[in-house]
Amino acid sequence: MVEEAKSDSKSKPMPNENLRVGERALSAGGAAFISAVIVNPLDVVKTRLQAQAAGVPYQGSCRLGCFELNPTVVQDLRSNPPGMCRITGSASVCSENQYKGTLDVFYKIIRQEGFSRLWRGTNASLALAVPTVGIYMPCYDYFRNSMEEFTAERSPSLTPYVPLVAGTMARSLACISIYPVELARTRMQAFKGTQRGVKLPGVWKTLADAVYPVKGSSNGQNCRMLWTGLGAQLARDIPFSAICWSILEPTRRSILSFMGEKPTAGSIIGANFTAGFVAGAVAAAVTCPLDVAKTRRQIEKNADRAMRMTTRETLAEIWRDGGMRGMFSGAGARVGRAGPSVAIVVSFYEVVKYGLHNFHQQQQ
């Protein structure tokens, strides 16, 4: 009987506080705001490392003497804005301007561009994270609770797989809804200008440049550029969510059941932060190659090539150019970002729901 009670305690779903959708979205939005501000520097570092592996050199000015000259290089240098260039093929970047690792990126960004540039793209991150998580977390709650109720009655053996399916569905919905802002954020973080202190393009200007890379062009089909890399984004986010929730949900339930029957604010924060950190770090490490592919597709400035690229072709190109090291470019920064990010979002979201639940009980 004791073992059975323990099993029930571990397998029972997280309590449904019966909060309104707006309250859940508010809780998730607040969690996303805090997380986006705290982890944005690591996101910038990760994107810079991945963009460099794709051929974006980070230097004060582009000098042809730094590269092996060929038509592709010259064309890329001419087609990009001053101070920014994308190098393909056999071109090599000046070694003194290359990033050599996570700490080196931090050092060079602070020294060459200023400390504040570590928060480059934060406005896009907030514009992305708040609505995305505001959709993601409440939808996950709804899908999980509905499916667990259904499987408990019809097919209990499928209940352990509910977090995987619920996380996948919720993440796909959130990702598709807000994708153009994700595209803007990646481009804002990947490229830098030549002059320190000069204001760089914001979200709207970045999206406008993606749609109309050549001034004066008005091809309506260019609006498809706003969805460049969506396939790669989904190919990354769906496995990430599936792995993350498959680890997070049973882990936090086990921790909460170990702490006692009645949860407290402290136990909720501790269980969700621990489970979220582990789940986020593991999922980020496993899906890093897909994240590299997503970044490479999003920063591609050649409109024709961007529309032709597929995730499979991009992964093959990454493997050909950099092998295993290229597939895991920025892995340290990505794992270092994802662990705390998931931990902060989930723990803040759950503890705010807990507080709102107690507040409603006191009002009754």
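The rules behind the values
Residues numbered from 1 in each chain as written. Predicted model: local features only at pLDDT ≥ 70, side-chain atom pairs only at ≥ 80, totals over all residues. Heavy atoms only, no water. Helix = DSSP H or I, 4+ residues; strand = E, 2+ residues; numbered from the N terminus. Buried < 20%, exposed > 50% of the residue type's maximum accessible area, 1.4 Å probe, protein only. Contact = heavy atoms within 4.5 Å. pLDDT = per-residue confidence, 0-100. Salt bridge = Lys/Arg side-chain N within 4 Å of Asp/Glu carboxyl O. Expected span 1.5 Å × (residues − 1). Axes fitted to C-alpha atoms, helices over the stretch in contact; angles between N-to-C directions. Parallel < 35°, antiparallel > 145°, perpendicular 65-115°, else oblique. Nonpolar A, V, L, I, M, F, W, Y, C, P; charged D, E, K, R; others polar. Core = buried A, V, L, I, M, F, W, Y, C linked by side-chain atoms within 4.5 Å. Patch = residues over 30% accessible without salt bridge, like charges linked within 9 Å, V, L, I, M, F, W, Y side chains within 5 Å. Areas by Shrake-Rupley, 256 points an atom, 1.4 Å probe, with all protein chains shown as cover. Polar contact = N/O pair within 3.5 Å; in protein donor to acceptor, adjacent residues only side chain to side chain. Phe/Tyr/Trp six-rings, centres within 6.5 Å; stacked < 30°, edge-to-face > 60°. Lys NZ or Arg CZ within 6 Å of the ring centre and 35° of its normal.

(A) Structural context of the overall build of the chain. Of the regular secondary structure elements, the chain holds 13 helices and zero strands. Secondary structure of the chain in N-to-C order comes out as α-α-α-α-α-α-α-α-α-α-α-α-α. By the burial criterion, 51% of the 364 residues in the chain qualify as buried. Taking contacts inside the chain between residues at least 6 apart in sequence as the whole, the part at least 24 apart equals 79%.

(B) A look at the confidence of the model for the chain. Model confidence for the chain is summarised by a mean pLDDT of 78, while 75% of its residues fall at 70 or above. Per-element mean pLDDT across the chain ranges from 38 in helix 3 (residues 71-79) up to 95 in helix 9 (residues 265-286). Every residue in residues 1-13 scores below 50 in pLDDT, and together they form ten contacts with partners more than four places removed in sequence or on other chains. Here residues 60-93 is modelled with pLDDT under 50, and outside its nearest four sequence neighbours on either side it reaches 51 contacts, counting other chains as well.

(C) Expanded view of the pattern of salt bridges. For the structure on display, the rule yields 21 salt bridges. Between Lys 46 and Asp 291 there is a salt bridge whose closest N-O contact spans 3.1 Å. Of this pair, Lys 46 sits in helix 2 (residues 21-54) while Asp 291 is found in helix 10 (residues 288-298), placing the two residues 245 residues apart along the sequence. For the pair Lys 46 and Asp 291, one class covers both residues: buried. Close ionic contact of Asp 237 with Arg 236 constitutes a salt bridge, the shortest N to O distance being 2.7 Å. When its relative accessible area of 4% is taken as the criterion, Asp 237 is described as buried.

(D) Just helix 9, in detail. When the terminal C-alpha atoms of helix 9 are compared, their 31 Å separation across 22 residues agrees well with the 32 Å that a helix rising 1.5 Å per residue should span. On its buried face, helix 9 is in contact with helix 8 (230-259), helix 10 and helix 13 (331-363).

(E) Region of interest: the packing of helix 6 (residues 162-190) against helix 10. Running from amino to carboxyl end, helix 6 crosses helix 10 at an angle of 85°, the nearest separation of the two axes being 9 Å. Comparing the axis directions of helix 6 and helix 10 gives the class roughly perpendicular. For the pair helix 6 and helix 10, the contacting residues are Tyr 179, Glu 182, Leu 183, Thr 186 and Arg 187 in the first and Lys 294, Thr 295 and Gln 298 in the second. Looking at side-chain class alone, the contact of helix 6 with helix 10 contains two nonpolar, three polar and three charged residues.

(F) Seen up close, the environment of Arg 334. As for its placement among the helices and strands, Arg 334 is situated in helix 13. In this structure the C-alpha to C-alpha distance between Arg 334 and Cys 288, which are 46 residues apart in sequence, comes to 7.5 Å. If near-sequence neighbours (up to four positions away) are discounted, Arg 334 is found in contact with Lys 46, Arg 236, Phe 240, Ala 283, Ala 284, Thr 287, Cys 288 and Asp 291.

(G) Geometry of the environment of Ser 241. Summarising the element assignment, Ser 241 is placed in helix 8. Linking Ser 241 and Gly 167, residues 74 residues apart in sequence, is a C-alpha distance of 5.3 Å.

(H) Quick look at the nonpolar core. By size, the foremost hydrophobic cluster in this structure holds 27 residues, and its most contacted members are Met 137, Phe 240, Cys 244, Trp 245 and Leu 248. At seven residues, helix 5 (residues 122-154) tops the list of elements feeding residues into this core. In contact with Leu 248, not counting residues within four places along its chain, are Ala 275, Gly 276, Ala 279, Val 342 and Val 346. With nine residues, the next largest nonpolar core counts Val 45, Tyr 99, Phe 106 and Ile 109 among its residues.

(I) Seen up close, the side chain of Arg 296. Counting through the fold element by element, Arg 296 comes out in helix 10. Judged by its relative accessible area of 3%, Arg 296 is buried. Not counting residues within four places of it along the chain, the set of residues in contact with Arg 296 comprises Ala 53, Ala 54, Thr 314, Glu 317, Ile 318 and Asp 321.

(J) How the structure looks around a nonpolar patch on the surface. Together, Phe 33, Ile 34, Val 37, Ile 38, Ile 110, Phe 115 and Trp 119 give the surface a local cluster of nonpolar side chains, amounting to about 600 Å² of exposed area. Ranked by residues supplied to the nonpolar patch, first place goes to helix 2 with four residues. Here Ile 38 lies in helix 2. Residue classification places Ile 38 among the exposed positions, given a relative accessible area of 52%.

(K) Representation of the side chain of Arg 48 in the model. Checked against the element boundaries, Arg 48 lands in helix 2. With relative accessibility at 1%, the residue Arg 48 sits in the buried group. Separated by 2.9 Å, the side chains of Arg 48 and Glu 113 make a polar contact.

(L) Representation of the packing of aromatic side chains in the model. Applying the stated criterion to the full structure yields five aromatic pairs. Between Tyr 136 and Trp 245, the ring centres sit 6.4 Å apart and the planes meet at 75°, which makes this aromatic pair edge-to-face. One end of the pair, Tyr 136, is in helix 5; the other, Trp 245, is in helix 8, and 109 residues separate them in sequence. An identical accessibility class is assigned to Tyr 136 and Trp 245; each is buried. Put simply, the rings of Tyr 136, Tyr 140 and Trp 245 touch in pairs and so form one group of aromatic residues. Residue placement shows Arg 171 over the ring face of Tyr 136; its charged tip is 5.1 Å from the ring centre.

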